[in-house]
Amino acid sequence: MVETEKRGLFGKKKVLEKLTIEVDGKTYKIMQKEQRNRPYSIEEMMLYDEIFDEWDD
């Protein structure tokens, strides 16, 4: 995922785009490790909160 700026109706905005690249095996493993260790996004936190709050009742 790469953050880029796009022109929209209300000016420029930042969006995440998925890019396809070719890498060797060692670099791929490093990238996968970084992806697993990234912090949760706001949407993911809200989803997990909804899932686990329902089971606490």
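About the thresholds
Residues numbered from 1 in each chain as written. Predicted model: local features only at pLDDT ≥ 70, side-chain atom pairs only at ≥ 80, totals over all residues. Heavy atoms only, no water. Salt bridge = Lys/Arg side-chain N within 4 Å of Asp/Glu carboxyl O. Helix = DSSP H or I, 4+ residues; strand = E, 2+ residues; numbered from the N terminus. Buried < 20%, exposed > 50% of the residue type's maximum accessible area, 1.4 Å probe, protein only.

Draft legend 1. Structural context of the pattern of salt bridges. Applying the stated criterion across every chain, the model contains 3 salt bridges. With a closest N to O distance of 3.7 Å, Lys-14 and Glu-3 form a salt bridge. Of the two residues, Lys-14 is situated in strand β2 (residues 11-17) and Glu-3 in strand β1 (residues 2-8); the sequence distance between them amounts to 11 residues. With respect to burial, Lys-14 and Glu-3 carry one shared label: exposed. We note a salt bridge from Arg-38 to Glu-44, for which the minimum N-O separation is 3.1 Å. Here Arg-38 falls in the partly exposed class, since its relative accessible area comes to 36%.

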